[in-house]
Amino acid sequence: MALFPPRCPVGPDERVWIEESMAWLAAEFGRGMLERAPVLPTAEYFPGPYAGSDADIRGLIAQLCGYLDVAPNRLTIEIEPDDGEGAMVAGLGLAHRSRSAAGHYRRENGRPVIAVAQRQAARPVALVATIAHELGHVRLLDERRISTERRDHEPLTDLLTVHFGLGVFTANAAFDFRQGRQGWSSSRLGYLSERMLGYALACYAYRRGESRPAWARYLDTNPRAHLKQGLRYLDRNPPRV
């Protein structure tokens, strides 16, 4: 018995919810998703130039539809114009925190509508995470696998991005802190903490049979540390489902 056994990076309730939800996603969408290579922030997965234009955003949505098995012609896409708030705050040299919606999903005229804020274009990782989350709603809500009455439907949608191999983006976008000559800003994106996403990625890697996933190097410091801690814990305490 180890003197200092590995600890789970999340609490007991969070651990059970993540393990059970990841197992549900595997049962619902198939374990074949776990055999695909995870999507990474490299030219292999996102080829071609990117300048943040509306056309670039639409092209990115089409690419991500492929990764989440969504037919692009099912969707109506809206790109919401930048309100300029971030630039205004930076120009005034003020501290700024934001948790405003970066995108949303709804049904209109019998079709799913994906709306994305244009301001996200300046942060490609966050943009990918936002689009992946909204496309996750298409897979879960539009396909009637769950309903909005389910209390955890938003966090579950974040977990879906992990199951479909886009967890690196979701984890790296979960918290962003920037400091410059004009002040500092921080923003949170999504519904799960870095710890929860790190453990979700550990469960993802464990189910893929990876004890030291090479793709972990693409994670930011905090989620990467939580992933490694989670894998050490899972090595001694396999998921119960």
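Criteria and cut-off values
Residues numbered from 1 in each chain as written. Predicted model: local features only at pLDDT ≥ 70, side-chain atom pairs only at ≥ 80, totals over all residues. Heavy atoms only, no water. Helix = DSSP H or I, 4+ residues; strand = E, 2+ residues; numbered from the N terminus. Expected span 1.5 Å × (residues − 1). Buried < 20%, exposed > 50% of the residue type's maximum accessible area, 1.4 Å probe, protein only. Arc of directions from axis to C-beta. Contact = heavy atoms within 4.5 Å. 1 Å grid on protein atoms, 1.4 Å probe; cavity = no way out; pocket = protein on both sides within 12 Å on 5 of 7 lines; lining within 4 Å. Points joined across faces, edges and corners; volume = space filled by probe spheres on them. Nonpolar A, V, L, I, M, F, W, Y, C, P; charged D, E, K, R; others polar.

A. Structural view of helix α8 (residues 221-236). Taking 1.5 Å of rise per residue, 16 residues should cover 22 Å, and α8 covers 24 Å from first to last C-alpha, within 8% of that figure. Every buried residue of α8 is accounted for by Pro223, His226, Leu227, Gly230, Leu231, Tyr233 and Leu234. Relative to the axis of α8, the buried residues are bounded by an arc of 165 degrees and lie together on one face. Exposed residues on α8 whose side chains face more than 90 degrees from its buried face are Thr221 and Asp235. Of the surrounding secondary structure, the elements contacted by the buried residues of α8 are α1 (12-29), α6 (167-173) and α7 (194-207).

B. Here's a closer look at the environment of Asn73. Examined against the element boundaries, Asn73 turns out to sit in the loop between α2 (54-67) and β1 (76-80). Overall, the relative accessible area of 62% leaves Asn73 in the exposed class. Taking the C-alpha atoms as reference, Asn73 lies 9.4 Å from Ala62; in sequence the two are 11 residues apart.

C. Just empty space enclosed by the protein, in detail. Here the structure, examined in full by the defined rule, presents one cavity of 30 Å³ or more. By volume, the largest cavity amounts to about 30 Å³. What lines the largest cavity is Pro38, Val162, Gly165, Leu166, Gly167, Val168, Leu201, Tyr204 and Trp215. In terms of residue class, the lining of the largest cavity is made up of seven nonpolar, two polar and no charged.

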